[in-house]
Amino acid sequence: MQLTRCLQFYIRYRRVPGQLRYGKNRVIPPISIDAKKKVANLLVIQRDNLDILNKPFLSESEEAAYKSVVVEEPFLPEKERKWAAIEETLDQLRPHYTTEELLNHLNVNKKWE
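Bear in mind the structure is a predicted one, so any value in this text is a computation, not a measurement. (Residues numbered from 1 in each chain as written. Predicted model: local features only at pLDDT ≥ 70, side-chain atom pairs only at ≥ 80, totals over all residues. Heavy atoms only, no water.)

1. Examining the overall build of the protein chain
Here is step 1: For the protein chain, the count of helices and strands is 5 helices and 0 strands.
Here is step 2: When its helices and strands are written in sequence order, the protein chain yields α-α-α-α-α.
Here is step 3: In terms of overall size, the protein chain is more extended than a compact globule, its C-alpha atoms giving a radius of gyration of 37 Å where 113 residues would be expected to give roughly 13 Å.
Here is step 4: By principal-axis analysis of the C-alpha atoms, the protein chain measures approximately 120 × 60 × 30 Å.
Here is step 5: Expressed as a percentage of its 113 residues, the buried residues of the protein chain come to 1%.
Here is step 6: A total accessible area of about 12800 Å² is found for the protein chain, and carbon and sulfur atoms account for 60% of it.
Here is step 7: Charged side chains of the protein chain number 19 positive and 16 negative; the gap between the two group centres comes to 26 Å. (Helix = DSSP H or I, 4+ residues; strand = E, 2+ residues; numbered from the N terminus. Rg over C-alpha atoms; globule rule 2.2 N^0.38 Å. Buried < 20%, exposed > 50% of the residue type's maximum accessible area, 1.4 Å probe, protein only. Areas by Shrake-Rupley, 256 points an atom, 1.4 Å probe, with all protein chains shown as cover. Lys, Arg positive; Asp, Glu negative; His and termini not counted. Charge placed at Lys NZ, Arg CZ, Asp CG, Glu CD.)

2. Section: helix H2 (residues 33-54)
Here is step 1: With 22 residues, H2 should reach 32 Å at 1.5 Å per residue; the first-to-last C-alpha distance of 32 Å fits that figure.
Here is step 2: For H2, the buried fraction is low: 0 of the 22 residues fall into the buried class. (Expected span 1.5 Å × (residues − 1).)

3. Concerning the pattern of salt bridges
Here is step 1: Summed over the entire model, instances satisfying the criterion amount to 3 salt bridges.
Here is step 2: A salt bridge links Glu63 to Lys67, with the nearest nitrogen and oxygen atoms 3.5 Å apart. Note that Glu63 and Lys67 are positioned in helix H3 (residues 60-69) at a spacing of 4 residues, about one turn of the helix.
Here is step 3: For Lys67, a relative accessible area of 55% translates into the label exposed. (Salt bridge = Lys/Arg side-chain N within 4 Å of Asp/Glu carboxyl O.)

4. Concerning a nonpolar patch on the surface
Here is step 1: Residues Trp83, Ile86, Leu90 and Leu93 make up a contiguous nonpolar surface patch of about 450 Å² in total accessible area.
Here is step 2: Mapped onto the secondary structure, Ile86 falls in helix H4 (residues 78-92). (Patch = residues over 30% accessible without salt bridge, like charges linked within 9 Å, V, L, I, M, F, W, Y side chains within 5 Å.)

5. Describing the confidence of the model for the protein chain
Here is step 1: On average, residues of the protein chain score 85 in pLDDT, and 90% of them are at 70 or above.
Here is step 2: At the low end of the mean pLDDT range in the protein chain sits helix H1 (residues 2-8), at 68; at the high end sits H2, at 94. (pLDDT = per-residue confidence, 0-100.)

Quick look at the structure:
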């Protein structure tokens, strides 16, 4: 009797055949009110950010004057900037010489004497 009373409060895990997210027997987790409030707050923040971005700080004439003065460099990712710096340092080094190039002045004519 005690055992049946305990087991009445135990809810057995229902095994879902197949995948949990797809198909006829899918399990859809309930969305809590807190999650809905968080998403609503994020949407409000995004709307405020878009409002700020849509109102330019500079006028069009000021922006045109700024663009004419400032030289715009193309965007390079971090890896490409590092490789460009390495290539610049390698270009400043002395060129490599092979022994053939060093001894080429001895190779004037190849006749047998």
